[in-house]
Amino acid sequence: MDRTPIFLGLETSCDDTAAAVVRAPAGDGAGPGEVMASVVLGQAELHAAFGGVVPEIAARAHAEKLDLAVEAALGRAGVGLRDLDGIAVTSGPGLIGGLLAGVMLARGLAAATGLPLVGVNHLAAHALTPRLTDGIAFPYLLLLVSGGHAQFLAVEGPGSFRRLGGTIDDAPGEAFDKVAKLLGLPQPGGPAVEACAAAGRAGRFALPRPLLDRPGCELSFSGLKTAVLRARDATVAAAGGLAAADVADLAAGFQAAVVEVLAEKTRRALALAPAPVLAVAGGVAANRAVRAALQAAATAAGARFVAPPPALCTDNGAIVAWAGIERWRAGLADPADLVARPRWPLDAGAPALVGGGRRGAKG
Ligand code: KG4
Ligand code: ZN
């Protein structure tokens, strides 16, 4: 091949309708790749009135907007369908209606163009992002922290992930979103809580550090969220309402608890599976306090710390296109009748984790 391959990537697994065009590095290089264009059409305003993602509304919006996102991505990248070398699509895990919208469009595009079709696991797309952005080599340790997932993964190849631990109940992004809701802050809750926490005193409320008293690197966030609710209600009962300073202190206390737990469990994961690089991915990796604590944990363990830019930490099509390129180069393209898999654990060998969140089982 006299030029480097270009992939289109589609993402519709939750509440972002996204398409992107990514150029692979020369040769069979590990990266970095070039994000030629990335278009993300969020649905936050459609779900705002319901306090969470409504699957039927999400599915309809994906079906309406995905072709527009594809057109915009191709236009911004300055390429046509005939310039592409493959089509990648998130085929699971996620909400079935959204996954179907993406998989069906990808199948249609692949059939019309004759291009290879690659179904991508959404978690694998997050997990491989540090290679797209920084070109790091396998193996590395990844902490994936998003709205639907939390897990420590030893990433050993484009299709090889070993789970060291994960959440037994809520995902951390889900906890940020729920805490935002109970503090009257807007959705998505992560950025809102982070902004509010900047003005707060983290030490004012005594909040728990879930599972720090137990060995290993399993995580839990549901009890912490309930503790914030109790502290809020106690403050309202004592003062007759919640002042802006109370909201800031609760946000700061919650964020500090999440950060402390993630940092300590990361230290344990690095001790369990020493790696030259600690990488972080998923929407919660956009949080500056989380990043700073993980950076410190990596440095203490003698590992390099890699955190993709926030726009590539949250859901987007570029990380899907990249994972598609990696799978395709490893000979892992899919047949034309690729199907959506709403439940699709990354590490099929690991025991299932207890609990289910907005994306279903956290496996
Ligand atoms: O990876 P992502 O875009 O979607 C999922 O696959 O879940 O992650 C979205 C999640 C949301 O829960 C959002 O509140 C959280 O990531 N998030 C943050 C921040 N930015 C986004 N959480 C904490 N701090 C942030 N700055
Ligand atoms: Zn995601």
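Structure's up top.
Residues numbered from 1 in each chain as written. Chains lettered and ligands numbered in written order. Predicted model: local features only at pLDDT ≥ 70, side-chain atom pairs only at ≥ 80, totals over all residues. Heavy atoms only, no water.

In this section: the packing of helix α5 (residues 172-182) against helix α6 (residues 189-197). Angle between the axes and distance between the axes are the two parameters that describe a pair of packed helices. Relative to each other, α5 and α6 sit at 65°, their axes nearing to 7 Å. You can see that α5 and α6 cross each other, and the crossing is left-handed. Between α5, through Phe 176, Asp 177, Val 179 and Ala 180, and α6, the contact on the second element is made entirely by Gly 189, Gly 190 and Val 193. Its residues assigned to classes, the contact of α5 with α6 shows 4 nonpolar, 2 polar and 1 charged. (Axes fitted to C-alpha atoms, helices over the stretch in contact; angles between N-to-C directions. Helix = DSSP H or I, 4+ residues; strand = E, 2+ residues; numbered from the N terminus. Left-handed = near helix turned anticlockwise from the far one by under 90°. Contact = heavy atoms within 4.5 Å. Nonpolar A, V, L, I, M, F, W, Y, C, P; charged D, E, K, R; others polar.)

Turning to the sheet that holds strand β1 (residues 6-11), a few remarks are in order. Ordered by their spatial adjacency, 5 strands build an open sheet running β3-β2-β1-β4-β5, and the pairing between neighbours is mixed. The open sheet is flanked by β3 (34-42) and β5 (117-121), the only strands paired with a single partner. The sheet shows a mean angle of 20° between the axes of neighbouring strands, taken without regard to direction. Relative to β5, strand β4 (residues 86-92) runs parallel, the two being bridged by 5 bridges. Pairing of Ala 88 across the sheet is with Val 118, part of β5. Sheet contacts for helix α3 (residues 96-113): β1, β4 and β5; angle to β4, the most-contacted strand, approximately 155°. (Pairing = 2+ DSSP bridges.)

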